[in-house]
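A look at the structure
Chain by chain, the residues:
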Amino acid sequence: MKKRKYNLLVLSVGLFLVFIVLILVLNIVLFGKFGRLIQTGNIVIAIVLELIILFFVFVIFRQYIYIPVKQLNRTLDKWENGSDSDETAHKGVYLIEDRINGLIEELMKSMEREHKEALLRQQFQYAELQNQINPHFLYNTLETIRGQAIIDDNYKIADMTETLAKYFRYNISKNKDDVTVEQELENIKNYIHIQQYRFQDRFRYQVYAHVPHEEYAYCLIPKMTLQPIVENSIFHGIEQKVDMGNIIMHIDANQDKLIIIVADNGVGISPEKLEELNQKLNEKENLTTAKTEQHGIAMVNVHHRLQMLYGEDFGLEIRSTQGYGTEVEITFPKTINKELEENG
């Protein structure tokens, strides 16, 4: 603040010196080029003319340079003191203030978004650490079980352990935070295959792509984004259903967005629960690692994770009718891995 006051003083002195120079220039012009005024005894007219010109020059400098800078200095002082900068009331500084207010607001939003993103990333990493087992030990154990199952001609157990190993290898791998849609779908396929053993083929899983394969397969999305949604469909929709269940995934894309809808014909969500869930989606301040009844990462956290990464235009939208089923629409930015697309 002291530095700004010093700069304002320097500016004032500078304007004063410019003013003096203008006086000298006007004296040379008026008393040189228009020397006839003096010769004819009209010194008073020359002086009055000079004063009028200087007055207008002074008003222009004061109105459009000195006052806006001074007002801006006061505005910055108010920001430092925590006051509301909207109290400033000089028309010459409105535009500058609006621009600075806008920049500061964007900066604050960006800092807040980065802070939340870092917090969510830490919480997600902590949750991963809690669930991690030595990968080599896990893979070797599963391979041993699979080998023994083959020896005993128990091919179902062999198939299940092999699929489980693939599923854990994908989840535990630290190689990437972003994966392609194709990789995420392959992981869901393994997850569904394991669950089919438990539910004894009580539900069907289908994927319908409404755009060509290259339009979505190589799009990058955060790892483990779709699996929690499918998991929610199984345990909160299909499991409580008496007859055959269906989980259908629709994939669509436009120029800027990738849209994936996970739909089930399960028991649906009651209006009260749906309203509560949508309220949690809209609570931008409440980021949590809470799990939904011990079933994977909560849909609320998936939504917040996407919004922290990509902005408020992306995330989850939940629609449900009790007794008929639930649809979860997930919107991502369309970011294609060009290297994979070219090699694909």
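Residues numbered from 1 in each chain as written. Predicted model: local features only at pLDDT ≥ 70, side-chain atom pairs only at ≥ 80, totals over all residues. Heavy atoms only, no water.

**Side note on the overall build of the protein**
Helices and strands together make up the secondary structure of the protein, namely 12 helices and 7 strands. When burial is assessed residue by residue, the protein has 35% of its 344 residues classed as buried. Within the protein, residue pairs in contact and separated by at least 24 positions form 69% of the contacts whose partners lie at least 6 positions apart. (Helix = DSSP H or I, 4+ residues; strand = E, 2+ residues; numbered from the N terminus. Buried < 20%, exposed > 50% of the residue type's maximum accessible area, 1.4 Å probe, protein only. Contact = heavy atoms within 4.5 Å.)

**What to know about the packing of aromatic side chains**
Under the defined criterion, the tally for this structure stands at 5 aromatic pairs. Plain terms: the ring middles of F199 and F203 are 5.9 Å apart, the flat faces sit at 75 degrees to each other, and that makes the pair edge-to-face. Both residues of the pair, F199 and F203, belong to the buried class. These aromatic residues form a ring-pair network of at least three members: Y167, F168 and Y191. The ring centre of F314 lies 5.6 Å from the NZ or CZ of K257, which sits over that ring. (Phe/Tyr/Trp six-rings, centres within 6.5 Å; stacked < 30°, edge-to-face > 60°. Lys NZ or Arg CZ within 6 Å of the ring centre and 35° of its normal.)

**What to know about the pairing of strand β5 (residues 257-264)**
Counted residue by residue, β5 has 6 buried out of 8 residues, so it is predominantly covered. Hairpin connection between strand β4 (residues 245-253) and β5: a loop of 3 residues separates the two successive antiparallel strands. Both β5 and strand β7 (residues 325-333) contribute to a ladder of 8 bridges, which runs antiparallel. Bridge pairing in β7 places I261 opposite E329. (Pairing = 2+ DSSP bridges.)

**Considerations on helix α10 (residues 271-282)**
For an α-helix the count is 3.6 residues per turn, leaving residues at separations of three or four pointing the same way. Taking 1.5 Å of rise per residue, 12 residues should cover 16 Å, and α10 covers 16 Å from first to last C-alpha, within 8% of that figure. Residues of α10 that are buried sit in contact with α11 (299-310) and β6 (315-321). (Expected span 1.5 Å × (residues − 1).)

**Observations concerning the confidence of the model for the protein**
The predicted coordinates ought not to be read in detail in places where the model reports low pLDDT. Scored by pLDDT, the protein has a mean of 77; 65% of the residues are at 70 or more. In the model, residues 85-93 has pLDDT below 50 throughout and makes 21 contacts with residues more than four positions away in sequence or in other chains. Long-range and interchain partners of residues 288-297, a stretch whose pLDDT sits below 50, account for 19 contacts in this model, where long-range means more than four residues apart. (pLDDT = per-residue confidence, 0-100.)

**As for a nonpolar patch on the surface**
A cluster of nonpolar side chains, V48, I52, F55, F56, F58 and V59, forms an exposed patch at the surface whose accessible area comes to about 570 Å². Examined against the element boundaries, F58 turns out to sit in helix α3 (residues 43-80). (Patch = residues over 30% accessible without salt bridge, like charges linked within 9 Å, V, L, I, M, F, W, Y side chains within 5 Å. Areas by Shrake-Rupley, 256 points an atom, 1.4 Å probe, with all protein chains shown as cover. Salt bridge = Lys/Arg side-chain N within 4 Å of Asp/Glu carboxyl O.)

**A few points about the sheet that holds β4**
Either a parallel or an antiparallel arrangement is found when strands of a sheet pair, and the pairing is made through backbone hydrogen bonds. On the basis of which strands lie adjacent, the open sheet formed by 5 strands has the order β2-β4-β5-β7-β6 and mixed pairing. Looking at the sheet topology across the chains shown, the edges are occupied by β2 (203-209) and β6. Going from strand to strand, the sheet's axes swing by 15 degrees on average, the running direction of each strand aside. Strands in contact with α11 are β6 and β7; relative to β6, the strand with the most contacts, it is inclined by about 145 degrees. (Axes fitted to C-alpha atoms, helices over the stretch in contact; angles between N-to-C directions.)

**A short note on the packing of helix α6 (residues 155-172) against helix α7 (residues 181-199)**
Put simply, α6 and α7 touch, their axes get as near as 9 Å, and they point 145 degrees apart. Handedness of the α6/α7 crossing: left-handed. Note on element contacts: α7 touches α6 through Q183, E184, N187, N190, Y191, H193, I194 and Y197, opposite K156, D159, M160, T163, L164, K166, Y167, Y170 and N171. Its residues assigned to classes, the contact of α6 with α7 comprises 7 nonpolar, 6 polar and 4 charged. (Left-handed = near helix turned anticlockwise from the far one by under 90°. Nonpolar A, V, L, I, M, F, W, Y, C, P; charged D, E, K, R; others polar.)

**A closer look at the pairing of β7**
Within β7, 8 of the 9 residues are buried, which leaves it mostly tucked inside the rest of the structure. Direction of pairing for β6 relative to β7: antiparallel, over a ladder of 7 bridges. Residue L316 lies in a different strand from β7, and its bridge partner there is I330. Counted between consecutive antiparallel strands, the loop separating β6 from β7 contains 3 residues, among which G323 sits at a positive phi close to 90 degrees.

**Quick word on α7**
Between its terminal C-alpha atoms α7 stretches 26 Å, which fits the 27 Å expected from 19 residues at 1.5 Å a residue. For α7, the full list of buried residues reads V181, E184, L185, N187, I188, N190, Y191, I192, I194, Q195, Q196 and F199. One or two positions beyond α7, positive phi appears at Q200, with a value near 55 degrees.

**With respect to unusual backbone geometry**
Residues other than glycine seldom take positive phi values, yet D153 does so here, at roughly 60 degrees. As for its position among the elements, D153 is in the loop between α5 (135-151) and α6. With phi around 60 degrees, M224 is a residue other than glycine that occupies positive phi space. As for its position among the elements, M224 is in the loop between β3 (220-222) and α9 (227-238).

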